[in-house]
Amino acid sequence: MGIFDFFTNIFESIFKSSSPEFKKKQALQKIDSELKKIQPSIYKSGMLQPNFPELFRILYENTAPIEKILSSTVSSQDIKVNYFYERKLFTTGFPPADQEKLENLTYDYRKSEILDSDLSLSKVIESQHHTLDFLIKQINTQEFVRIDEIIGSLQQLTDICRFNYLAIIHNFDPEYNGFSMSEKPNFVSCVPSPLGNSLQDFYYITAKFKMTSSLANAVLALEQLRTGKAVPQEQSEKYMECLKKINSVLSKYLTPDLLKKLIILAKKDPEFSVQTASYNINARQRYVQYLQQKFDSDTNRI
């Protein structure tokens, strides 16, 4: 701070301390000062440093392999494909004995049971319906609530993978295209103001994100379901490494607190309110409806 700015601040603190503009200026200066203290350094002299876009480059490269899995399964553009893989994930929540009960509710098994039974049609269907009711009751247990939450987190992870990272990176290196992992960017410093909207969008999808081992395992399970075979260990380790890097960047560096401060600084508004996305999708209800509708449809066919 120059000597002129120093005396200007003293003058304003004495004569303009109650002014809204002065309070706004003080709040922005406080954020500016806090950002300068962050290590490794991402902000200096009013400019975001090359370390900052490097974090987004890491995300850009490591989200791509994960997005490929998600876009082919629970986040496909084909909603029928999405629901198919959702149901596959829910099936894993049943213990083996209950998975067998679920298998016994397929059309072919139910029809064979009716044909082979000495009981009346209505009695057999009633018994089958009791099995359905039992399974639906299990879907209200904590295990299935957890799976429902994981499916929501998979949707959130999809949004993170599909975020337009280049919109931020190009403010620091307009020539970077990301086509090759070996490409070395030439990042320069940049003022925060052009990044305000992009950082706001990024905060919206990441602020409440939590990477868990269950979420990582769900990604690997989807890859196995997608390919129809076990994921090779080397490939599994690569996917896990990508997820670890994503988690490291979001939990250690691009934290909600940091992003919020940068957004406020970019908007030049200490009162600016940032929003967060909700991923409570209640896939369990869809699964229950699917089981009920399939049972009724198969009953009519029988």
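Because the structure is a prediction, the values reported are computed rather than measured.

A.B. asks: Got a minute to help me understand the nonpolar core in this structure?
C.D. replies: The nonpolar side chains of a soluble globular protein tend to be buried with one another. If you look at the biggest cluster of nonpolar residues, it comprises 77 residues, and the most contacted ones within it are Phe52, Phe56, Ile66, Leu154, Leu199, Phe202 and Leu254. No other element matches the eight residues that helix 8 (residues 142–161) contributes to this core. Those residues in contact with Phe52 that lie beyond four places of it in its chain are Ile42, Phe172, Leu195, Leu199, Leu254 and Leu262.

A.B. asks: Where do I start with the packing of aromatic side chains in this structure?
C.D. replies: For any pair of aromatic rings, the description rests on two quantities: the centre-to-centre distance and the angle between the ring planes. As enumerated under the stated definition, the model contains 13 aromatic pairs in all. Each ring, one from Phe84 and one from Tyr85, has its centre 5.1 Å from the other, and the planes form 85 degrees; the classification is edge-to-face. The partly exposed category is assigned to Phe84, whose relative accessible area is 36%. Residues Phe90 and Phe144 carry aromatic rings whose centres are separated by 6.3 Å and whose planes lie at 20 degrees to one another, so their mutual orientation is stacked. Placement of the pair is Phe90 in helix 4 (residues 79–91) and Phe144 in helix 8, with a sequence separation of 54 residues. For Phe144, a relative accessible area of 2% puts it in the buried group. What links up through ring pairs into an aromatic cluster is the set Phe52, Phe56, Phe163, Tyr165, Phe172 and Phe202. Positioned over the ring face of Phe295 is Arg110, at 3.8 Å from the centre of the ring. Positioned above the aromatic ring of Tyr107, the side-chain terminus of Arg301 is 3.7 Å from the ring centre.

Parameters at a glance
Residues numbered from 1 in each chain as written. Predicted model: local features only at pLDDT ≥ 70, side-chain atom pairs only at ≥ 80, totals over all residues. Heavy atoms only, no water. Core = buried A, V, L, I, M, F, W, Y, C linked by side-chain atoms within 4.5 Å. Buried < 20%, exposed > 50% of the residue type's maximum accessible area, 1.4 Å probe, protein only. Helix = DSSP H or I, 4+ residues; strand = E, 2+ residues; numbered from the N terminus. Contact = heavy atoms within 4.5 Å. Phe/Tyr/Trp six-rings, centres within 6.5 Å; stacked < 30°, edge-to-face > 60°. Lys NZ or Arg CZ within 6 Å of the ring centre and 35° of its normal.

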